[in-house]
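Secondary and tertiary structure notes
Here is what each chain is made of, one letter per residue.
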Amino acid sequence: MPVVRNLGRAASQLLQSWGCGCGVSIVPVRCIGVSPRQVASDASFHSVTFSESDHPRVLITGGLGQLGVGLAKLLRKRFGKNNVILSDIRKPADNVFYSGPFIFADILDYKNLREIVVNNRITWLFHYSALLSAVGEANVPLARAVNITGLHNVLDIAAEHNLRLFIPSTIGAFGPTSPRDPAPDLCIQRPRTIYGVSKVHAELMGEYYHYRYGLDFRCLRYPGIISADSQPGGGTTDYAVKIFHDAIKTGKFKCYLRPDTRLPMMYIDDCLKATLEVMEAPAESLTMRTYNINAMSFSPEELAQEVQKYVPELQVTYKVDQVRQAIADSWPMNFDDSNARRDWGWKHDYDLPELVTTMFSYLGSDSRIAQAN
């Protein structure tokens, strides 16, 4: 790291100039959280624009989660198949592996991640590696390593190589003392899960790196995300995905939240669209580095009623998971996303009826749905 090496040389020269004349060996050390870049004190917003013939070179970490594969598909359509590299520590399915470039990338391996960025001339980085809320509470040490130490590696590399960096935040970044209906962009947060704490840390560190080192950091607080082509991944809002799979497979659904638990939600296509839009927005249009985005807000009971229009015999029962219920009760019931709509023109396409129709159209024409139709 240039900063550490420069400090080491200066200290060595200073110590050698003292009367003893003894040489002192300085060992270079990479310090987590210290940016390897030296930036002028008057550094300001910077933004790289790309013509059609000069698309960004994109790396997506944690790419085999709920959002990574869909984001890669969207970005490849926009920027070209070979300009978007999907990465993860897991083995991809054949359809993912053959759909475009895929590499192994462990965000806790700083050297390997740095080599990937350099060797592939990466200019945009989407950092999706994280353990979600309920999973993180079950393994706090691993969540701390992935969500915080991994973040520091990504921030340092992005700053060193002048990347445009996107890190998603979440509804989980709010806590029980936050305004709940709606939660604005700027307010008290203080979450009570390691996932939420790590996301507030990411928001603040990204903003700090932006003002301190000029890093082009951009962040969206996602509500609960619903998609048809991925299984529930351990999040508190995943009931809103599971209900569709259970309705088709068994006609029975057991919900782990109370029927009146209202939370903000979004269909995945809106989520991916917002992510690309904020990354393409001119830097001068952004009045902040982290924005709320929202589409709809509903409870398990309201979602079940909409699903039963397609599967009338769906049986819904409730067995409350106290851990997940406590998490949900600490989160906002709705998001205020007026700043995103004003600054870069955010507008969602899917409300609850459109969401349910789209989910069933993707998940297939099961006999129950065919009979209902």
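Details of the structure are given in the entry above.
Predicted model only: the values in this text are computed from it and were never measured.

**Considering the packing of aromatic side chains**
Applying the stated criterion across every chain, the model contains 16 aromatic pairs. Summarising the aromatic geometry, the rings of Tyr-128 and Phe-166 are spaced 6.2 Å apart at their centres and angled 45 degrees between planes, so their arrangement reads as tilted. In this pair, Tyr-128 is assigned in the loop between strand 4 (124–127) and helix 5 (133–138) and Phe-166 in strand 5 (residues 164–166), connecting sequence segments 38 residues apart. Here Phe-166 falls in the buried class, since its relative accessible area comes to 0%. Over the face of the ring belonging to Tyr-256 we find Arg-324, whose NZ or CZ atom lies 4.3 Å from the ring centre.

**Looking at the sheet that holds strand 12 (residues 296–298)**
An order of 8-10-12 is seen for the 3 strands of this open sheet, with the pairing classed as mixed. Pairing within the sheet leaves two strands with one partner each, and these edge strands are strand 8 (224–226) and strand 12. Taken over all neighbouring pairs, the strand axes of this sheet differ in orientation by 45 degrees on average, direction set aside. Where strand 10 (residues 263–267) meets strand 12, 3 bridges bridge the pair, whose relative direction is antiparallel. The partner of Pro-264 across the bridge, within strand 12, is Ser-297. Across the face of the sheet, helix 8 (residues 239–249) comes into contact with strand 8, strand 10 and strand 12 while running at roughly 25 degrees to strand 8.

**What about the packing of helix 10 (residues 300–307) against helix 13 (residues 352–363)?**
One way to put it is that helix 10 packs onto helix 13 with a least axis distance of 10 Å and a crossing angle of 55 degrees. With respect to each other, helix 10 and helix 13 are oriented oblique. The two elements helix 10 and helix 13 cross, and the hand of that crossing is right-handed. In this structure, helix 10 contributes Glu-302, Leu-303, Glu-306 and Val-307 to the contact, and helix 13 contributes Leu-352, Pro-353, Val-356 and Phe-360. Of the residues belonging to the contact of helix 10 with helix 13, the class tally is 6 nonpolar, no polar and 2 charged.

**Examining unusual backbone geometry**
For residues that are not glycine, phi is negative in most cases, and the peptide bond is trans in most cases. Look at the link from Asp-181 to Pro-182: it is a cis peptide, with omega at 0 degrees. The residue Pro-182 is located in the loop between strand 6 (169–170) and helix 7 (194–213) in this model. One non-glycine residue, Arg-121, lies in positive phi territory at about 50 degrees. Relative to the elements of secondary structure, Arg-121 occurs in the loop between helix 4 (110–119) and strand 4. One non-glycine residue with positive phi stands out, namely Asn-162, at about 60 degrees. Looking at the secondary structure, you find Asn-162 in the loop between helix 6 (140–160) and strand 5.

**Description of the side chain of Asp-246**
Examined against the element boundaries, Asp-246 turns out to sit in helix 8. Looking at Asp-246, its side chain comes within polar contact range of the side chain of Lys-242, at 2.6 Å. Excluding its chain neighbours within four sequence positions, the residues that come into contact with Asp-246 are Gly-251, Lys-252 and Phe-253.

**Side note on helix 2 (residues 68–79)**
For helix 2, with 12 residues, the first-to-last C-alpha span of 16 Å sits near the 16 Å given by 1.5 Å per residue. Looking at the buried residues of helix 2, the elements they touch are strand 1 (58–61), strand 2 (84–88), strand 4 and helix 9 (268–280). Once helix 2 finishes, Gly-80 follows within two positions and takes phi at roughly 105 degrees, a positive value.

How each quantity is defined
Residues numbered from 1 in each chain as written. Predicted model: local features only at pLDDT ≥ 70, side-chain atom pairs only at ≥ 80, totals over all residues. Heavy atoms only, no water. Phe/Tyr/Trp six-rings, centres within 6.5 Å; stacked < 30°, edge-to-face > 60°. Helix = DSSP H or I, 4+ residues; strand = E, 2+ residues; numbered from the N terminus. Buried < 20%, exposed > 50% of the residue type's maximum accessible area, 1.4 Å probe, protein only. Lys NZ or Arg CZ within 6 Å of the ring centre and 35° of its normal. Pairing = 2+ DSSP bridges. Axes fitted to C-alpha atoms, helices over the stretch in contact; angles between N-to-C directions. Contact = heavy atoms within 4.5 Å. Parallel < 35°, antiparallel > 145°, perpendicular 65-115°, else oblique. Left-handed = near helix turned anticlockwise from the far one by under 90°. Nonpolar A, V, L, I, M, F, W, Y, C, P; charged D, E, K, R; others polar. Polar contact = N/O pair within 3.5 Å; in protein donor to acceptor, adjacent residues only side chain to side chain. Expected span 1.5 Å × (residues − 1).

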